[in-house]
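# Survey of secondary and tertiary structure
Here's the letter readout for the chains.
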Amino acid sequence: MLSSAAASSEGSILKDDQLEDARIIYNLSLNDLLFRAQQVHRAHFDPNAIQMSRLLSIKTGGCAEDCGYCSQSARYPTGLKASKLMEVERVLTQARKAKEGGATRYCMGAAWRNPKDRDMDALVAMIEGVKALGMETCMTLGMLTAEQSGKLADAGLDYYNHNIDTSERYYSEIITTRTFADRLDTLANVRNDGIKVCAGGILGMGETVEDRISMLVTLANLPVPPESVPINMLIPIPGSKLADAAPVDPIDFVRTIALARILMPRSHVRLSAGRTDMSDEMQALCFFAGANSIFIGDTLLTAGNPDEDHDAALFRRLGLKPMQLEQAQ
Ligand code: SAM
Ligand code: DTB
Ligand code: SF4
């Protein structure tokens, strides 16, 4: 089992043989890799059902952290206007619309290093209100203390999103205001409180293939693997540190999805940010490789996502259908 203590005090948290197994799988011929991923996928899921989540930025911009990819960090001239925490009623109005659009999970994101205790009552009311609409709830609010995580769990929060983003080795190249071990600590807090975990990362930040493999092996080796694994393709943000990062090779992206599916057979692997820059054919390959979740709606937190008509047409062309709530649990 891995722990943040192991991450910080004993060098790498990964065992060499796990990494080597993952490397061998990643480097199979693409046909063999996809065949294997599809077999794993079919053993655990309906291969044609895709879970659909909807995002809302409940507190945008002005963030104290220096994540090199993010439009919302106050450290970079990204031109984004900061705003305060949204009113609960406005959040619930948006959540109702998301439900009508077919979303089964509502994900509320805040541009914070961590929530302040004075925000907790509003967050609790948002969770209770969205649950009352019959949707699963997810929040992503930055680092949580054990006490804050307990309050969110008591309110009925289903999922907490907290990405490790990249490998332990590469983390400090992307973010310097917190550590990889800090991330693992928050993941442990939410897991201890019985909240389901959504944790993944970003491809296209200048990391190596080895970093991507290492990130997935870390996720797969958490004491309990995340129920949701978002794999984002970097959306380059003008003004951010990674504005000019080289794009990921689409086949490497598909290989990474397939490895995530094989290493975490029961997790929902989400084809997350960056779909507007992916062809329909690339997305089809990602679904074949085992991705079975997406964000719907034309905005993510601050950046664009395919419009709903385009996604509906893609689902028709591929014979995919939305996953019902009971299948998603
Ligand atoms: N502040 C919270 C945190 O960092 O945990 C929650 C919001 S943060 C925007 C959620 C995640 O979105 C990040 O961890 C990162 O993986 C992803 N993300 C942010 N900006 C992105 C971008 N430009 N391209 C792709 N993924 C991005
Ligand atoms: C995740 O892994 N991706 C989502 C969600 N978790 C919160 C966020 C993507 C953000 C893309 C950039 C933006 O919209 O600003
Ligand atoms: Fe802040 Fe989250 Fe963006 Fe980092 S990713 S700058 S913590 S909003």
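Whatever comes next refers back to the structure up there.
In what follows, the accompanying structure is described. Bear in mind the structure is a predicted one, so any value in this text is a computation, not a measurement.

To continue, consider the overall build of the protein chain. Scanning the protein chain from terminus to terminus reveals 13 helices and 10 strands. Taking 329 residues into account, the globule formula puts the C-alpha radius of gyration at 20 Å, and the protein chain, at 18 Å, falls close to it. The C-alpha extent of the protein chain, read off along each of the three principal axes, is 50 × 50 × 40 Å. In the protein chain, the share of contacts with a sequence separation of at least 24, taken over all contacts with a separation of at least 6, comes to 75%. With an accessible surface of roughly 13800 Å², the protein chain has 51% of that area assigned to carbon and sulfur atoms. Side chains of the protein chain give 34 positive and 42 negative charges; the mean places of these two sets differ by 3 Å.

Looking now at the site of ligand 2. Residues in contact with ligand 2 amount to 14 residues; listed here are only the nearest, Asn163, Asn232, Leu301, Thr302 and Ala303. Contact between ligand 2 and Asn161: a nitrogen atom at 3.3 Å from a side-chain N or O atom of the residue. At 2.5 Å, a side-chain N or O of Thr302 approaches an oxygen atom of ligand 2.

On to the pattern of salt bridges. If the charged atoms of two oppositely charged side chains come close together, the side chains can form a pair. All told, the structure shown has 14 salt bridges when counted by the stated rule. By sharing partners, the salt bridges in this structure join Glu20, Arg23 and Glu210 into a single network.

This brings us to the pairing of strand S9 (residues 293-296). The two faces of the sheet receive side chains in turn, since in a regular strand these alternate between them. In S9, alternate side chains face the same way, and those of Ser293 and Phe295 on one face and Ile294 and Ile296 on the other are all buried. Across 4 bridges, strand S1 (residues 49-59) lies against S9 in parallel orientation. Residue Arg54 lies in a different strand from S9, and its bridge partner there is Ile296. In the sheet, strand S8 (residues 268-271) pairs with S9 via 2 bridges, with the strands oriented parallel. Bridge pairing links Arg270 to Ser293 in S9. A crossover links S8 with its parallel partner S9, the connecting element being helix H11 (residues 280-288), and its sense is right-handed.

A word on the packing of aromatic side chains. Evaluation of the coordinates by the stated rule reveals 2 aromatic pairs. Ring centres 5.6 Å apart and planes at 70 degrees place the aromatic pair Tyr171 and Phe180 in the edge-to-face group. Side by side, Tyr171 and Phe180 carry an identical accessibility label, which is buried. Consider the rings of Phe287 and Phe315, whose centres lie 6.5 Å apart with planes at 80 degrees: the pair is edge-to-face. Note that Phe287 is positioned in helix H11 and Phe315 in helix H12 (residues 308-318), a separation of 28 residues in sequence. The exposure class assigned to Phe315 is buried, which follows from its relative accessible area of 9%. Above the ring of Tyr159, the side-chain terminus of Arg105 is found at 3.7 Å from the ring centroid. One Lys or Arg, Arg270, reaches over the ring of Phe295 and ends 4.6 Å from the middle of that ring.

For the rest of this paragraph, the subject is helix H5 (residues 120-132). Between its first and last C-alpha, H5 extends 18 Å over 13 residues, near the 18 Å set by a 1.5 Å rise per residue. By the burial criterion, the buried members of H5 are Met120, Leu123, Val124, Met126, Ile127, Gly129 and Val130. Contacts made by the buried residues of H5 are with S1, helix H4 (88-100), strand S2 (105-110), strand S3 (136-140) and helix H6 (146-155). A positive backbone phi angle near 90 degrees is found at Gly134, which sits one or two residues after H5.

The next point concerns the side chain of Arg183. Locating Arg183 in the fold gives a position in helix H8 (residues 180-192). There is no salt bridge for the buried Arg183, and the closest opposite charge comes from Asp165, which lies 4.9 Å off by N-O distance. In terms of polar contacts, Arg183 uses its side chain to reach the side chain of His162, at 3.3 Å. At a separation of 2.8 Å, a polar atom in the side chain of Arg183 contacts the main-chain carbonyl oxygen of Asn163.

The next thing to look at is the nonpolar core. Ranked by internal contacts, the top residues of the largest apolar core, which has 88 residues, are Tyr69, Met139, Leu152 and Phe253. If one sorts the elements of this core by residue count, helix H10 (residues 250-263) sits on top with 7 residues. Ignoring anything within four residues of it in the chain, the contact list for Tyr69 reads Asp165, Ile174, Ile175, Arg178, Ile202, Met205, Leu234, Ile235, Ile237, Ser240 and Leu242. In terms of nonpolar packing, the next biggest core, distinct from the first, is built from 7 residues, Cys138, Tyr159, Ala273 and Leu300 among them.

Conventions and cut-offs
Numbering of residues begins from 1 in every chain and follows the order in which that chain's sequence is written. Whichever chain is written first becomes A and whichever ligand is written first becomes 1, with later ones labelled in order. Per-residue local features of the predicted model are confined to residues with pLDDT of at least 70, and side-chain atom pairs are confined, for both listing and counting, to 80 or more; whole-chain, interface and lining totals are unaffected and use all residues. The basis for every side-chain value is the complete set of heavy atoms in the structure, and neither hydrogens nor water enter the calculation. Secondary structure elements follow DSSP: runs of H or I no shorter than four residues count as helices, runs of E no shorter than two count as strands, and numbering proceeds from the N terminus. Each radius of gyration is computed over the set of C-alpha atoms, and the globule rule expresses the reference value as 2.2 Å times the number of residues to the power 0.38. Contact between two residues is taken to exist if any of their heavy atoms lie within 4.5 Å; hydrogens are not considered. Computed by Shrake-Rupley with a 1.4 Å probe, the accessible areas treat only the displayed protein chains as cover when residues are assessed. Under this rule, positive means Lys or Arg and negative means Asp or Glu; His and the chain ends count for nothing. By convention, the charge on Lys lies at NZ, on Arg at CZ, on Asp at CG and on Glu at CD. Here, proximity means that at least one heavy atom of the residue falls within 4 Å of the molecule or strand. Distance and chemistry together define a polar contact, namely a pair of N or O atoms within 3.5 Å, with one atom able to donate a hydrogen and the other to accept it when in protein, and with adjacent residues in sequence counting only for side-chain atoms on both sides. Salt bridge criterion: a side-chain nitrogen from Lys or Arg within 4 Å of a carboxyl oxygen from Asp or Glu. A 1.4 Å probe rolled over the protein chains alone gives each residue an accessible area, and that area as a share of the maximum for its type sets the label: buried under 20%, exposed over 50%, partly exposed in between. A pair of strands is labelled paired if DSSP reports no fewer than 2 bridges between them. A clockwise path from the first strand over the helix to the second, with the strands pointing away from the viewer, defines a right-handed crossover. What counts as a ring pair is set by centres within 6.5 Å for rings of Phe, Tyr and Trp (its six-membered ring), and what kind of pair is set by the plane angle: stacked under 30 degrees, edge-to-face over 60, tilted for all other angles. For a Lys NZ or an Arg CZ to count as sitting over a ring, it must be within 6 Å of the ring centre and within 35 degrees of the ring normal. How far a helix is expected to stretch is found by multiplying one less than its residue total by 1.5 Å. Side-chain atoms within 4.5 Å link the members of a nonpolar core, which is a set of buried Ala, Val, Leu, Ile, Met, Phe, Trp, Tyr and Cys residues.

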